[in-house]
Each structure stands twice: as structure tokens, then as C-alpha cells.
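# Architecture at a glance
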Amino acid sequence: MGEGPAVEETSTKVLKQFSGTGGISVNGVSGIIHKNSRTFSVIHGDFNRLAPNVKKYVEDKAKVCQPETIHICDGSDRENEELLAMLQKGGVIKPLKKYKNCWLARTDPADVARVESKTIISTPNQRDTIPTPKNGADGQLGKWMSPSDLQKALDERFPGSMKGRTMYVIPFSMGPVGSPLSKIGIQLTDSAYVVASMRIMTRMGRPVLDTLGNNDFVRCLHSIGQPLPMKKPAVNNWPCDPDRTIIAHIPENNEICSFGSGYGGNSLLGKKCFALRLGGIIARDEGWLAEHMLILGITNPKGEKKYIAAAFPSACGKTNLAMMNPTLPGYKVECVGDDIAWMRFDSEGHLRAINPEAGFFGVAPGTSDSTNPNAMATIQENTIFTNVAETSDGGFYWEGMDLPKGVRVINWRNKEDWVPNSSKDEKDMAAHPNSRYCTPASQCPIIDPAWESSEGVPIEAIMFGGRRPKGVPLVYESFNWQHGVFLGAAMRSEATAAAEHAGKVIMHDPFAMRPFFGYNFGHYLSHWLSMERRPNVKLPKVFHVNWFRKSSEGKFLWPGFGENARVLDWIFRRINKEDCATESPIGFIPKPGALNLDGLKEKVDMEELFSLPKDFWSKEVDAVKKYFDEQVNDDLPEEVASELDGLKKRVSHM
């Protein structure tokens, strides 16, 4: 953010912090920090054991945010129990007595989702972060802010933001501790809710500090922005400052600064902020890929296993696919991760992937025993639910679940005796559309045996997909790697509740990364294309899937869920070079009869499911071209432009 004294002051004020309900003392006062006549009590952990780099970071940020006390997290069961008890006492969470160690939080209704409009990247050169839109079009591939403007914004927010509260120091590892594919961060927050959630979502505690030593780390600073005493009571005991929320990424400092929001995507900084935005920049610089992808292992009846990564926009079925119960006899699916994949080529040219997270932060509505029984089994204990409904017998409930008989429902807005209704107004729903469960991945009944492998699992196929009600077939395969990169770049999908956009709008969402790019999307495409030029690499095959195509009557043409194993079976056979595909203008599609429909209970109109209406695809080409021209402009790689030209020619001959 510059050089000289301003750097120290700015990076100090850039700190992010979250608010909890105060501090706890587990082991008593274990240290005193004196900084410019300001004294901070260290109420948990040994400050003197911190490595110099970590110690300086904490001191600098404490100087700006001015917490009352400092708590160095160790990740222990005892610490977690104390924090949960404190949160319960403060009314931030309440136990769901029907389950073991499950908790419900209700947020301020103004703080319920990622806020893309307030999420920015700050670099000296704007074009490093986002392409320059053509003819003054509004840029959709990220928000950039100059270092000087960001410094002003942070200086208006962080000084004194933690007064009266505890600053929690969270050492965390994205990926298995000590893995060569993993990265370490230190998050400072004033929210105990964030600490409890980060303990689920990451590997957290003393072993991380021991592994880190005095090496560099990603600096994650977060504050809910409500110093004590608050000027007005918090809604639902959920302090936040939605009017001044900002989520800032500063690549030069390896730093994230989040202010004003306690919601997961804005406050659990290991997730999208670190794992994708800053992670993408680190991946580019180090020659690997940080992607918004699930990872699953699939085993066929012969015992042969393959791993697949898949990119879908949020709330488009990633978790359901990652935890699928296949309907095809003899097939088995196991889950490595449901949201993020870090992938790197090994010395033998295999693309190896890890899930950098330790938990699932899943969208609750729509999850049920019929759609995802494995997710339902996972969340029966040790889970934090946010903005779901509560039943009178101490259970959880949301849209898509069977309503228990004989129990009353309190909805996410604390409305008692809620009854099912057809209202589309969020306040009238049982659970907020973006309500979440935060649960340990290790509890998943089909977690893959290699999910914490330090070497990662070998990826043999990559799938792109989204919600496309019209025109896009169930599955097709790219002609080659370059064409596969084009398929990712041209992805479009209905908007979802995971962000603040209205639903039912078809949006461009390249690589399912549109909200998560940490640098110029054109440069991102060039990075993907460069993988093909690496010596001796074994590139995965690339596919596009669409579970959501509808008939002219508005009904889904494909049953989805466990039946999607039939698509994975075809992909499996294509990886094995089986001749079960035919060429089409958009890619290779299954030959007639090649998709295994044995035992499929529902009648499927395969002709309509795989039809390629010329009018639709002509408009699709025009829409993608317009998007590339306006949004990526001069930064669009020639290879991607040539793929679009090729598609246009093939469609014209349909």
C-alpha cells in the first residue's frame, strides 16, 4: 500500500476484526502487552511463545483496534466448550437439544449473505485486478479500489473497533497441517462465533503455530465493527455494521481486512477470501490452481476408482453431488470436499487436489433425507446452524424437509407457530434462503479415505455446470483442453441466494468464480491455458453438465440427485477412452443408448434432453461474445476468442 511510515499505519488499520460478547479466561492472565502506553491483557495462551512475525502482527493490530483483552486460540475442546457457553449466555446461539452439541444462531436480517458489492481487491494497478470494460460498461468481474481510497476506508473503520471486546488470535491451516499443498493464515477477530466456526472449517490451534514457525502467513483481520458500549442494541444479539461493511483484499500485503459483517462468507476469512481470492493469486504465482470446485471419488463395479473435480456456482448442487448415493448398482461415491479445490501437478504430471477446508459450510434449504441423506447424517452433531428454523422439540427445519408432525416451528425471524406458505418474501420463510450449516467434514459417512492426504488425490476429469433451464444438454465433453477452458469461461447460470442478487436471472459465472476472482480474469484464463504447455502433464478431460434443464411445461427433464451417477458413469468411461460419444457442434455428447438408463424409474425424454436448438445456441454465442467483448475486452486470450469463433461457425451450420 505504499512505502515508508504510511505502510505501518495503513496495514495496522487494515486489520480485520469480529465482535463476540467479550472474552473468557480459561487459564488466567498469561501476559501483558504494553504498546504505546496502551495495555492489553492476554487472557488465554502464551504471547511470548508466538513467533516474532506473528507477535508483531498481533501487536500492530491491537494497537489500532484497541481490544480489552487478547485470546490466543489453541483449538482445544475445552476452549471450544467455554466459547460456546459464553455465546449461549450472550444470546448469540442457543442449543438444539434434539442433537448432540448442535447450536442455532440467528443473525441481524441485514447480515445474511456475501456482499459482493462491498468486496474489493486493492492493487496499485487496476488492470492487475480487473479487465477494463469496453465502452464504459459496468465491470462484473470484481471490484477494485486504489490503495489510497482503501486506506481512507479502513482508517474510518478499524481504529477502536474492538474496544471493550476480546481480540481472538486464530492460527489456521488451509489443508492438512504440514502438507506441501497447504497454506497458513492468522485471523484476528472480535467474534467468538467466528472462532467456533473457524474451528470447524479449518485446522486450527497450536500445531499450526508450530508448523508456521517464523515464516510468512496470510494476514486475516476482521471486526464486526461494534465497539462497546454499543450505541444501540444489536438485533438478535448479532452485532454488525451492515451500512459500513467492507471486505478488502490486499495482495501486496498478503492481507484480508473485513469489517462490519459476521456472516460466514464475509467473516470466516479462510473460505472465499483466502482460499479463492488471495489463494488464486498465490496459485498463479506458484503455478497451481485454486478453484471453486467440489472433489469426489467414484468407484465402478470393477473396483476402479477415479477422482473428479466440479465447478458449480453456489447453491447449484455441489454438496449434493459430492455426497451422492449413486442409483447405479455397484457404484460408490466418496467425498473429498464440497466447495474448494487446490490443484497442483506433481512430478509425474498428475494433477493432484486437496480440499483446503476441514468442514462443510452448506446451504440448508433443499437439503433433506431424499436429496442428500449423507449431508443430513453429517449435521446430526457438532454443528452450528445459522438462520434456519427451530422446532419446538429442539430440532432444525427448513424448506425441503418433511415437516415433523405435532411440533411447532419458529422461523428464522423468530416468528412463532410458523406454517408453510407460498410467500416469496424472505421474512415469511421458515429458513432464510441462504441459511447455513457449519459441520465437520470428518463426520460425513462417505468421506473419502484420502480426503486429508498430504499429496492430494489425482484428478482425471473436471466438470463445469450451472442452472440452465433451456437449451443446454445434460452432459457434453470438450474437444480438448483449450476448448475445455472456453467451456469454463462461457459458463452461465441462474443467480442463487448465496449472494445478494435476485434469483431467476441468467448470469455469466465463468468457472463458477465470478464473485471470487482475485486477479484479472483474462490473466486467469491465460493461467489455465498455460497448463497445457507444461512438460509431461496428464491433463484431465473437461465436461459440462446441466441437471436443471426443463421441458416446455416447466418440469425438470432429468431426475437428478442419485441418478446423476449415470452421467458420472459415462464420464468414467470417456476417461477410459471408451467409444461412447459422438461429435456435436458444442462438444462430444453421448451416443444414442450410451447413457446407462437401466433401472431408471422415471421416463426421460432423451431427445429433448440432448436437443441443441439452433436459435438458442445462436443467442448463446451472441451473449457470450457480448460478455467477452464488454467485460474481458483486450485481456481475452486469443485462444478463447478462437474457440468462440469456432462455436459460432459450427452453430451456423446446424
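We now turn to the structure provided with this report.

About the thresholds
Residues numbered from 1 in each chain as written. Predicted model: local features only at pLDDT ≥ 70, side-chain atom pairs only at ≥ 80, totals over all residues. Heavy atoms only, no water. Axes fitted to C-alpha atoms, helices over the stretch in contact; angles between N-to-C directions. Helix = DSSP H or I, 4+ residues; strand = E, 2+ residues; numbered from the N terminus. Parallel < 35°, antiparallel > 145°, perpendicular 65-115°, else oblique. Left-handed = near helix turned anticlockwise from the far one by under 90°. Contact = heavy atoms within 4.5 Å. Pairing = 2+ DSSP bridges. Salt bridge = Lys/Arg side-chain N within 4 Å of Asp/Glu carboxyl O. Buried < 20%, exposed > 50% of the residue type's maximum accessible area, 1.4 Å probe, protein only.

### Side note on the packing of helix 3 (residues 77–89) against helix 6 (residues 192–201)
Here helix 3 crosses helix 6 at 140 degrees, and the two axes come no closer than 10 Å. One way to sum up the angle between helix 3 and helix 6 is to call them oblique. The chirality of how helix 3 crosses helix 6 is left-handed. On helix 6, the residues touching Asp77, Asn80, Leu83, Leu84, Met86 and Leu87 of helix 3 are Ala192, Tyr193, Val195, Ala196 and Arg199.

### Describing the sheet that holds strand 25 (residues 436–440)
Taken in spatial order, the five strands of this open sheet run 4-5-21-25-20, and their pairing is mixed. Each edge of the open sheet is held by one strand with a lone partner, namely strand 4 (93–95) and strand 20 (359–363). Shown here is a sheet whose adjacent strand axes are inclined to one another by a mean of 20 degrees, direction ignored. The pairing of strand 4 with strand 5 (residues 103–105) spans three bridges and is classified as antiparallel. Paired with Pro95 across the two strands is Trp103, which belongs to strand 5.

### Structural notes on the sheet that holds strand 23 (residues 396–397)
Spatially, the three strands line up as an open sheet ordered 23-22-24, and their pairing is antiparallel. Each edge of the sheet is formed by a strand with only one pairing partner; in this case those strands are strand 23 and strand 24 (409–410). Where strand 22 (residues 389–391) and strand 24 come together, two bridges link them in antiparallel fashion. Within strand 24, the residue paired with Glu390 across the bridge is Ile410.

### Side note on the pattern of salt bridges
Tallied over the entire structure, the rule returns 40 salt bridges. With its nearest N and O atoms 3.0 Å apart, the salt bridge here joins Arg573 to Asp569. Of this pair, Arg573 and Asp569 are both found in helix 14 (residues 565–575), four residues apart, which corresponds to roughly one turn of the helix. Under the relative-accessibility criterion, Arg573 is labelled buried at 16%. Owing to a relative accessible area of 6%, Asp569 belongs among the buried residues under this scheme.

### Description of helix 14
Burial runs high along helix 14: eleven of the eleven residues are buried. Taken as a whole, helix 14 has its buried residues at Ala565, Arg566, Val567, Leu568, Asp569, Trp570, Ile571, Phe572, Arg573, Arg574 and Ile575. Positive backbone phi, approximately 65 degrees, marks Lys577, located one or two places after helix 14.

Without other data, these values stay purely geometric and don't point to any function.
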